[in-house]
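Each chain, letter by letter, is given below.
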Amino acid sequence: MLSDDISTIRLEDYRPSDYLIDSVHLDIRLDPTATVVRSLLSLRPNPAGVPGAALVLDGEDLELVSLSLNGAGVEPHEHAATPQSLTLLHPPSKPFTLTIETRVNPTANTKLMGLYLSGGVYCTQCEADGFRRITYFLDRPDVLSVYTVRLEADRASAPILLSNGNPLAQGDVPGTGRHFAVWQDPWPKPAYLFALVGGDLGLISDSFTTMSGRKVDLGIYVEKGKEPRAAYAMDAVKRSMAWDKRVFGREYDLDVFNVVAVSDFNMGAMENKGLNIFNDKYVLASPEVATDGDYANIEGIIAHEYFHNWTGNRITCRDWFQLCLKEGLTVFRDQEFTADERSRPVKRIADVIRLRLTQFVEDAGPLAHNVRPRAYKEINNFYTATVYEKGAELIRMLRTLIGTEAFAAGMELYFSRHDGTAATIEEFLACFAEASGRDLSHFARWYDQAGTPHVVAAGVHDPASATYRLDLAQSTPPTPGQDSKDAMLIPLRIGLVGARGDLPLKASGDLALQDDVLVLDRAAATVTFHDVREAPALSLLRDFSAPVRLETRATTTELLHLAKADSDPFNRWQALRTVMTAELTRAVAAVRAGQEPTFDAALVDAVGHALAEPGEHAYTAQLIALPSSSDIARELSQDVDPDAIRQALTALGSLIGRSLFAEFTETWQELSTSEAYSPDARQAGSRALRNQCLSYLCQGLGEAGAARASEQFRNAANMTDRLAALAALTHVQGPALEAALAAFEARFVDDPLALDKWFSLQATMPGRPTLDRVKALLQHPKFSLRTPNRVYALLSAFAHSNPSEFHRPDGAGYDFIADLVVAIDAINPQVASRLMSAFRTWRTLESGRQSLAHAAIRRVAAMPGLSRDISDIAERALG
C-alpha cells in the first residue's frame, strides 16, 4: 500500500551537516550471523552548521551494543537510539570522539545493501545509503573522512580480507583460528565509498607503472577455479589506467588497486576507493562462456569504475541531487575510452541506440525526471538512464559548444580546484565557463528541465539564388511537474550533401555557424546557406550532437542518398534507420487495418547496397539491422499495439531475408573462420555481420535458414556464434530450436553466467507460449528469486525486452510480473523496483492494454508493507 509518510527530500532544502567527521577507525569482527562493528569517530562542529545542534546519525535495522563519548559512557537521558537513528542530544562544542558498537547479521541481509554474506563471501554495497546498515553515521556524500579499517574473521572461511586504501598490517589473533588485516585509505571519502570483502577467493596479480614511475600492485579476486577468466578484465584495468593518464592527465593515487567479482550484486559494479566490487558477469570471460558483447561490457565497465577514481571519488557530489556530476561525466569518459579502443562510429551508434531505448522512453513516461532531480523519495530509483546516459550526452554537448581545447582546460581546472571536495553542477560548469569565456547559464537548463526536445527542420533550395533556406523549430513536451518548457540550447552539427558529397557551408541568418555547428537557442530560427548550386540532402544532427528527436521531413530518395553518400557515419546509419522506421510504422497501420503489410523495394535494395559496400564489418552489421519493437513503439508514441509491431517487423525481416538470401548466404560463408578467437574489434565485427546475416536467413528461409543456424550451433567454437545461432533459431521455432536449447542447458547448467543467457533467450522469444515457458522456468532448480542476476536474466528480460508478450492483450503478462514484483520486494527492493519500471510505458499503449496495465499497477500499489522503492515507483507511475 502506498505510504503517505514517505518523506520527500528536496534540493532546495539542502544545508550542510552540523558536524564533520575527520577520521573513522573501524574494527569489524566478521561473523555469519553476529558481526560486531566498533566505530571510533573523530568529530567536530561544522562552522557552516547550526551551533549546538543535536548530532543525529543515520541507521537502518541496527542493534546498538554500546556507546561512549570521549571514552566515557553516555547517560540514557543524553542520547536516543533506535534501529533507524542515533541521536546525541548535547554534543560538545569542541572536537570530540564517539565510539559506537553495533551488531549486524550479514546472512539475513537479502537486500544486498550494507554488509551481507553470499556464497560464503562477506561483501558490502554502500551507495547510496548502505553504510547506515553497518554502523550509525552521517551517511551523506558531503561528509568526507579518512578511514582506517581493521577486519577480523575466521581464517579458514575468509583467508582474504580486503578494504579501501593501502594494507598496513596483518596477522593471526593469538589463541584463536581467526586472523586480521588493517587497511588505511589516506584520501578523505564519503561513507558510500567504504567497502570490505572477506572470503576464500582466487587471485590473479599484475602491476602497472604510472607515468611518474610509481608501481601499483593490481589484484583481481574471483571464485576459485575461475582465475583464467579474469585475464581480460586485468588487461582492461591496465589499458584504462594508461588511457586516463594520456587523455585526462589523471594518475592512480594508491599503492594497490583491487577488483573483486561476486555473484550476488544488485548493480553492475561499484567504484569503492581502491576496492572496486563487481557483479561477476562484468569480470569473468572466456570464449567458451562469454560473447563479444560480454567482453565489450567488461572493458567498458572496468574502465567506468576505474575512471570514478577521479570523477566520483577524489571529487564526489555534494548531495545525491548532483549524482549526474559523477555518473554522467564518468559515462562520457568510458564512452570515449571505448571509442578510442575500438571503433568511434560503431560506439557512437551503439550509445545512441541505448539512449533512445532507455532514456527517451523514460523521458516520455510518468517516471521522467530532470538530469538533476529537484526532489526524490527513494534515491535508489534515480540511478537511471537520464542520470547516466543523458548526463553523458550533456558533457558531450558541452565539449561541442566550447571546443575540445577549452573543454580540456575546463576539466583540468575542475580537477585542480575541486580535488578533495564534494562538488555541485554549478561549480562544475563554472570551470568551463571560466576556461572558455562563455556564459553557460542557458546550457545549464539541460540539468533542470526534463523531457526530450523535438526539433523540426525544413529546408528549401532556390536554384535561382543558389541558396538553401533552413527553418528550425524546437519544443519540449510536458513532463510530470513541468507543464511548460523553455527553449533549450541545442548544438546541431550540420552538412549539406550533394551528388558528389559534402558541399561548402556559408551561412547567414538568426544563428551563427560555428565551424559545422548551428546552436539553436530559441523556439524558432532561420538560416540561409549561400552558393548552394544544387539541391542538397540535409544532414542534420551529425554524430548525434544533441539528445533530441529530429524531424526533417526528408523524402525517401533524399534519405537513401544520405545512406550512401553522407560523410558522417552516424547519419549514414540514421538515414537508413529512418527509412526502415517509416516503412515499419506504415506497415503497423496496415496490420491494424487488417491488411497485409507492404514495403518499398528501394529499402531492400539499400540494405543490399550497404551489405555489398566495403567497410568495417561491425558498422555494416549496424547499418543493415532492423529497428527494435521498442524503437517503433517510441516513434508511434501513443495508441501502441505491440502485436502489430511484431507482425510488421516479422514481415520486413522475412522480405529482406528472402530477397537477399544469396547475398546473406555468401557473406555468412565468407566470414566463417578457423582463426583463434579474439574479442578484438576486428574479429568481433566480423562475427556481428556474419550473425546478422544468419538472422536474416532464418527470418527469410524458414527451415532452410534453421538448417544453417543448427549447423553453426553445432560447430561453434565460441559463445558468440553459439548464442547467435540459438537466437536465430527462435525465428523458426520447432524441433531444431528445442534440441539446441536442451544441448545448451546440458553443456552449461553448472555455469551461472552462461545459463543466464539460456534463461534470457527463452524469455525474449516471440509467441504466446513464451509466458508459459517463463512460468515453467521459475521452477527450474537453478532459478532463485534471491539471485539478482537470475531475476534480471529471466524476469527483467521478459518484462523489458519482450514487448509483445509482456503487453499481451489479455493482461496475463502484467499480472505475472506484478505478482513477482510484490514477492521480490520482500526480499530485495532494489531488484523489485527495476522490474516494476517495466510498466513505465503503460500510458502509450492502446486503450485495452492501457486499462489492464493500469489495474496491475494499482494492485501492486494497494499491497500492504511495500518498500519505499516500490511505493515510489508505483506512485509516480500512477501520478
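Model, not experiment: these values are computed from the prediction.

Colleague: How would you summarise the overall build of the protein chain if you had to cite specific residues and measurements?
Modeller: Regarding its fold elements, the protein chain presents 27 helices and 34 strands. With the principal axes as the frame, the protein chain shows a C-alpha extent of 90 × 65 × 60 Å. Counting only residues that meet the buried cut, the protein chain has 59% of its 879 residues in that class. Once local pairs closer than 6 in sequence are excluded, the contacts in the protein chain between residues at least 24 apart make up 71%. By element, 51% of the accessible surface of the protein chain is carried by carbon and sulfur atoms, the whole surface being about 32600 Å². Taking the average location of the 87 positive side-chain charges in the protein chain and that of its 111 negative ones, the two points are 0 Å from each other.

Colleague: Any chance you could break down the sheet that holds strand E34 (residues 549–551) for me, citing the residues and the numbers?
Modeller: Pairing between the strands of a sheet comes from backbone hydrogen bonds, and it takes one of two forms, parallel or antiparallel. Pairing in this open sheet of five strands is mixed, and the strands run E29-E32-E26-E25-E34 from one edge to the other. One side of each edge strand has no neighbouring strand; the edge strands of this open sheet are strand E29 (507–509) and E34. Averaged over all adjacent pairs, the angle separating strand axes in this sheet is 25 degrees, with direction ignored. Across three bridges, the pairing between E29 and strand E32 (residues 524–530) is antiparallel.

Colleague: Explain the confidence of the model for the protein chain to me, and be specific about the residues and the numbers.
Modeller: Within the protein chain, residue pLDDT values average 97, and 99% of them lie at 70 or more. When pLDDT is averaged over each element of the protein chain, strand E13 (residues 160–163) comes out on top at 99 and strand E30 (residues 513–514) at the bottom at 94.

Colleague: I'd like a description of the pattern of salt bridges, backed by residues and values.
Modeller: The final tally for this structure, using the stated rule, is 76 salt bridges. Its salt-bridge partner being aspartate 643, residue arginine 849 comes within 2.9 Å of it at the nearest N-O pair. Of this pair, arginine 849 sits in helix H26 (residues 847–861) while aspartate 643 sits in helix H14 (residues 642–659); the two residues are 206 residues apart in sequence, bridging distant segments of the chain. A relative accessible area of 16% means that aspartate 643 is categorised as buried. Where aspartate 819 meets arginine 859, a salt bridge forms, and the shortest distance between an N and an O atom there is 2.7 Å. Pair noted here: aspartate 819 is in helix H24 (residues 812–825) and arginine 859 is in helix H26, with a separation of 40 residues, a long-range link. On the accessibility criterion, arginine 859 (29% relative accessible area) is partly exposed.

Colleague: So, empty space enclosed by the protein: which residues are in play, and what are the values?
Modeller: This structure, assessed with the given rule, holds three cavities of 30 Å³ or more. Around the largest cavity, the lining residues are Leu560, Ala563, Lys564, Arg572, Leu576, Ala606, His609, Ala610 and Leu623. Sorting the residues of the lining of the largest cavity by element identifies helix H9 (556–565), helix H10 (569–592) and helix H11 (601–612) as the ones contributing at least two each. Here the residues of the lining of the largest cavity sort into six nonpolar, one polar and two charged.

Colleague: Report on the environment of aspartate 200, specifying residues and quantitative values.
Modeller: Take aspartate 200: it is sitting in the loop between strand E16 (196–199) and strand E17 (202–209). Relative accessible area serves as the criterion here: at 36%, aspartate 200 is assigned to the partly exposed category. Counting along the chain gives 41 residues from aspartate 200 to proline 159, while the straight-line C-alpha distance between them is 5.6 Å. Discounting chain neighbours no more than four positions away, the residues touching aspartate 200 are Ser157, Ala158, Pro159 and Lys224.

Colleague: Pulling in residues and values, what's your account of the packing of aromatic side chains?
Modeller: Two descriptors summarise a pair of aromatic rings, namely the distance from one centre to the other and the angle between the planes of the rings. For the coordinates displayed, the defined rule picks out 39 aromatic pairs. On the numbers, 5.7 Å between centres and 75 degrees between planes, the contact of phenylalanine 332 with phenylalanine 407 is edge-to-face. Residue phenylalanine 332 is found in helix H3 (residues 323–341), and its partner phenylalanine 407 is found in helix H6 (residues 404–418); the two are separated by 75 residues along the sequence. For the residue pair phenylalanine 332 and phenylalanine 407, the accessibility class agrees, reading buried in each case. These aromatic residues form a ring-pair network of at least three members: Trp243, Phe248, Tyr252, Phe257, Tyr306, Phe307 and Phe337. One cation-aromatic arrangement involves arginine 333 over phenylalanine 248; the distance from NZ or CZ to the ring centre is 4.7 Å.

Colleague: Give a detailed account of the packing of helix H20 (residues 752–763) against helix H22 (residues 788–801), specifying residues and quantitative values.
Modeller: It is at 8 Å that the axes of H20 and H22 come closest, and there the two elements cross at 15 degrees. By the angle between their axes, H20 is roughly parallel relative to H22. Note that H20 runs across H22; the crossing there is right-handed. Seen from H20, the contacting residues are Pro752, Leu753, Leu755, Asp756, Phe759, Ser760 and Ala763; seen from H22, they are Asn789, Arg790, Ala793, Leu794, Ala797 and Phe798.

Colleague: Report on the sheet that holds strand E2 (residues 19–29), specifying residues and quantitative values.
Modeller: Taken in spatial order, the eight strands of this open sheet run E6-E5-E9-E3-E2-E12-E15-E14, and their pairing is mixed. At either end of the open sheet lies a strand with only one pairing partner, and these are strand E6 (72–73) and strand E14 (166–172). In the sheet, strand E5 (residues 63–69) pairs with E6 via two bridges, with the strands oriented antiparallel. By the bridge assignment for E6, leucine 69 is matched with alanine 72.

Colleague: Before we move on, could you go through H20 and cite the residues and values that matter?
Modeller: If you check H20, its first and last C-alpha atoms are 16 Å apart, about what 12 residues at 1.5 Å a residue would give, namely 16 Å. A large share of H20 lies buried, amounting to 10 of its 12 residues. Among the residues of H20, those classed as buried are Leu753, Ala754, Leu755, Asp756, Lys757, Trp758, Phe759, Leu761, Gln762 and Ala763. Packing partners of the buried residues in H20 comprise helix H2 (292–307), helix H18 (719–729), helix H19 (735–748), helix H21 (769–777) and H22.

Colleague: I'd love a proper account of the pairing of strand E9 (residues 96–104), names of residues and values included.
Modeller: For a regular strand, side chains alternate in direction, first toward one face of the sheet and then toward the other. Burial analysis of E9 places seven of its nine residues in the buried class, the great majority of the element. One ladder, built from nine bridges, connects strand E3 (residues 35–45) with E9; its direction is antiparallel. For valine 36, the partnering residue across the bridge sits in E9 and is arginine 103. In terms of strand pairing, E5 meets E9 through six bridges, oriented antiparallel. Looking at the pairing, serine 68 lines up with threonine 99 of E9.

Colleague: Got a sec to walk through the state of the cysteines? Specific residues and values, please.
Modeller: Scanning the entire structure with this criterion turns up zero disulfides. Between cysteine 431, a free cysteine, and cysteine 324, which holds the nearest cysteine sulfur, the sulfur-to-sulfur gap is 15 Å.

Colleague: An account of unusual backbone geometry is needed here, citing residue identities and associated values.
Modeller: Omega for the bond connecting glutamate 127 with alanine 128 falls within 30 degrees of zero, at 5 degrees, which places this linkage in the cis form. Of note in the backbone geometry, serine 637 takes a positive phi value of approximately 70 degrees without being a glycine. The residue serine 637 is located in the loop between helix H13 (629–636) and H14 in this model. For serine 637, a relative accessible area of 37% corresponds to the partly exposed category.

Cut-offs and rules
Residues numbered from 1 in each chain as written. Predicted model: local features only at pLDDT ≥ 70, side-chain atom pairs only at ≥ 80, totals over all residues. Heavy atoms only, no water. Helix = DSSP H or I, 4+ residues; strand = E, 2+ residues; numbered from the N terminus. Buried < 20%, exposed > 50% of the residue type's maximum accessible area, 1.4 Å probe, protein only. Contact = heavy atoms within 4.5 Å. Areas by Shrake-Rupley, 256 points an atom, 1.4 Å probe, with all protein chains shown as cover. Lys, Arg positive; Asp, Glu negative; His and termini not counted. Charge placed at Lys NZ, Arg CZ, Asp CG, Glu CD. Pairing = 2+ DSSP bridges. Axes fitted to C-alpha atoms, helices over the stretch in contact; angles between N-to-C directions. pLDDT = per-residue confidence, 0-100. Salt bridge = Lys/Arg side-chain N within 4 Å of Asp/Glu carboxyl O. 1 Å grid on protein atoms, 1.4 Å probe; cavity = no way out; pocket = protein on both sides within 12 Å on 5 of 7 lines; lining within 4 Å. Points joined across faces, edges and corners; volume = space filled by probe spheres on them. Nonpolar A, V, L, I, M, F, W, Y, C, P; charged D, E, K, R; others polar. Phe/Tyr/Trp six-rings, centres within 6.5 Å; stacked < 30°, edge-to-face > 60°. Lys NZ or Arg CZ within 6 Å of the ring centre and 35° of its normal. Parallel < 35°, antiparallel > 145°, perpendicular 65-115°, else oblique. Left-handed = near helix turned anticlockwise from the far one by under 90°. Expected span 1.5 Å × (residues − 1). Disulfide = S-S within 2.5 Å.

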